[in-house]
Amino acid sequence: MEENFFDFAQTKEALSQLSTDLAVLDSEIKSKLTELDVERKNHHKAMTEKDAKMEKMSKTIQDTVAKIDSITGYINGVL
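Residues numbered from 1 in each chain as written. Predicted model: local features only at pLDDT ≥ 70, side-chain atom pairs only at ≥ 80, totals over all residues. Heavy atoms only, no water.

Student: An account of a nonpolar patch on the surface is requested, with residue identities and associated values reported.
Tutor: A contiguous nonpolar surface patch, about 660 Å² in accessible area, is contributed by Leu15, Leu18, Leu22, Leu25, Ile29, Leu33 and Leu36. Its place among the elements puts Leu25 in helix H1 (residues 8–78). We classify Leu25 as partly exposed; its relative accessible area is 42%. (Patch = residues over 30% accessible without salt bridge, like charges linked within 9 Å, V, L, I, M, F, W, Y side chains within 5 Å. Areas by Shrake-Rupley, 256 points an atom, 1.4 Å probe, with all protein chains shown as cover. Salt bridge = Lys/Arg side-chain N within 4 Å of Asp/Glu carboxyl O. Helix = DSSP H or I, 4+ residues; strand = E, 2+ residues; numbered from the N terminus. Buried < 20%, exposed > 50% of the residue type's maximum accessible area, 1.4 Å probe, protein only.)

Student: Run through the pattern of salt bridges, naming residues and quoting values.
Tutor: For the structure shown, the criterion picks out 5 salt bridges. For Lys32, the salt bridge is made with Glu35, and the minimal N-O distance between the two is 3.7 Å. You can see Lys32 and its partner Glu35 sitting in helix H1, 3 residues apart, about one turn around the helix. Overall, the relative accessible area of 46% leaves Lys32 in the partly exposed class. The closest approach of N and O atoms between Asp37 and Lys41, which form a salt bridge, is 3.4 Å. Of the two residues, Asp37 and Lys41 both sit in helix H1, 4 residues apart, roughly one turn of that helix. Using a relative accessible area of 30% as the deciding quantity, one classes Asp37 as partly exposed. A relative accessible area of 48% places Lys41 in the partly exposed class. Each of Asp37, Arg40 and Lys41 takes part in one network of salt bridges that share partners.

Here's what the structure looks like:
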């Protein structure tokens with residue numbers, strides 16, 4: 001009959017190392033999530049700013065076209 005000897009000291013050490021590794025992994029995951037959240041917020045802010053600029057440019061173009069149409073109408077009226 002074989003006897004199985006279980007090395008409790010080695011098992012305890014392995015579990016301790018596993019616990020340490022899991023704590024480090026958890027910390028790294030939380031850090032990465034924080035980085036990704038900051039990056040997402042920065043992208044959102046940049047997109048919002050670009051949208052505002054595009055809207056302003058569109059308004060400027062519309063105003064310019066309206067002024068050109070007005071001038072063209074005036075010139076046609078004079079001629």
